[in-house]
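Working through the structure, step by step
Single-letter residue listing:
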Amino acid sequence: MKLLKWLSVTDRFYKIYLDKQLAPFEINSSQYMFLIKICHSPGVLQDSLNDIFYIHPSNIVRTIAALEKQGMITRSPSDEDKRTCKLYPTDRALSVIDEIQAVCEKTEALLLQGIPETDQALFLDLLMRAGKNITAELHIERKDDTFHD
């Protein structure tokens, strides 16, 4: 049960930390990865985010709506499939995305502080394996292992 406890503790407190760091940009720990993806892949289909992040579609819709309301992204109907939208970053998002990525890198460095580089790679590999194990058990189809293309 130690694994479950420490996964929960780490998840809870890294989100609190990240929320504080991202507050000046008016986004939170639930939104940053969407914004990074949209800034790096302008025109990404909203429906494809489920395959990238493994988050319930209703949570994606809610997050995209919040980012749009905050003036970070715009939506336009897809020419290929009118049931989905293409997502684009606004100038506001593009003006802060490098700083947001720096905050994320700083947070990752904090999480890995004191862990030798060789062990960091192993840790990430093991964490990804654990994620694959649980998604396979839940029969969740994975099309991508990371959210950074």
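Residues numbered from 1 in each chain as written. Predicted model: local features only at pLDDT ≥ 70, side-chain atom pairs only at ≥ 80, totals over all residues. Heavy atoms only, no water.

**Looking at the side chain of T107**
The test is simple: By the criteria applied, helices consist of DSSP H or I runs no shorter than four residues and strands consist of E runs no shorter than two, each listed in order from the N terminus. The contact criterion used throughout is that any non-hydrogen atoms of two residues lie within 4.5 Å.
Considering the arrangement of structural elements, one finds T107 in helix 5 (residues 91-112). Apart from the residues within four sequence positions on either side, T107 is in contact with Y14, Y17 and L18.

**Here's the deal with the nonpolar core**
Note the cut-off: Nonpolar core, defined: a set of buried Ala, Val, Leu, Ile, Met, Phe, Trp, Tyr and Cys residues in which side-chain atoms within 4.5 Å join the residues together. Classification of residues uses two cut-offs on accessible area relative to the type maximum, computed with a 1.4 Å probe and protein chains only: under 20% is buried, over 50% is exposed, and between them is partly exposed.
With 28 residues, the main nonpolar core has I27, Y32, F34, L35, L49 and I100 as its most contacted residues. Looking at this core, the elements with two or more residues in it are helix 1 (2-22), helix 2 (32-40), helix 3 (48-53), helix 4 (57-69) and helix 5. At 7 residues, the largest contribution of residues to this core is made by helix 2. Setting aside its immediate chain neighbours within four residues, F34 contacts L49, F53, I55, I60, T63, I64 and L67.

**Some words on unusual backbone geometry**
Residues other than glycine predominantly adopt negative phi, and peptide bonds predominantly adopt the trans conformation. Even without being glycine, E26 reaches a positive phi, approximately 60 degrees. With respect to the helices and strands, the residue E26 is situated in the loop between helix 1 and helix 2. One non-glycine residue, Y54, lies in the positive phi region at around 60 degrees. Examined against the element boundaries, Y54 turns out to sit in the loop between helix 3 and helix 4.

Take it as geometry only, folks, not as evidence of what the structure does.
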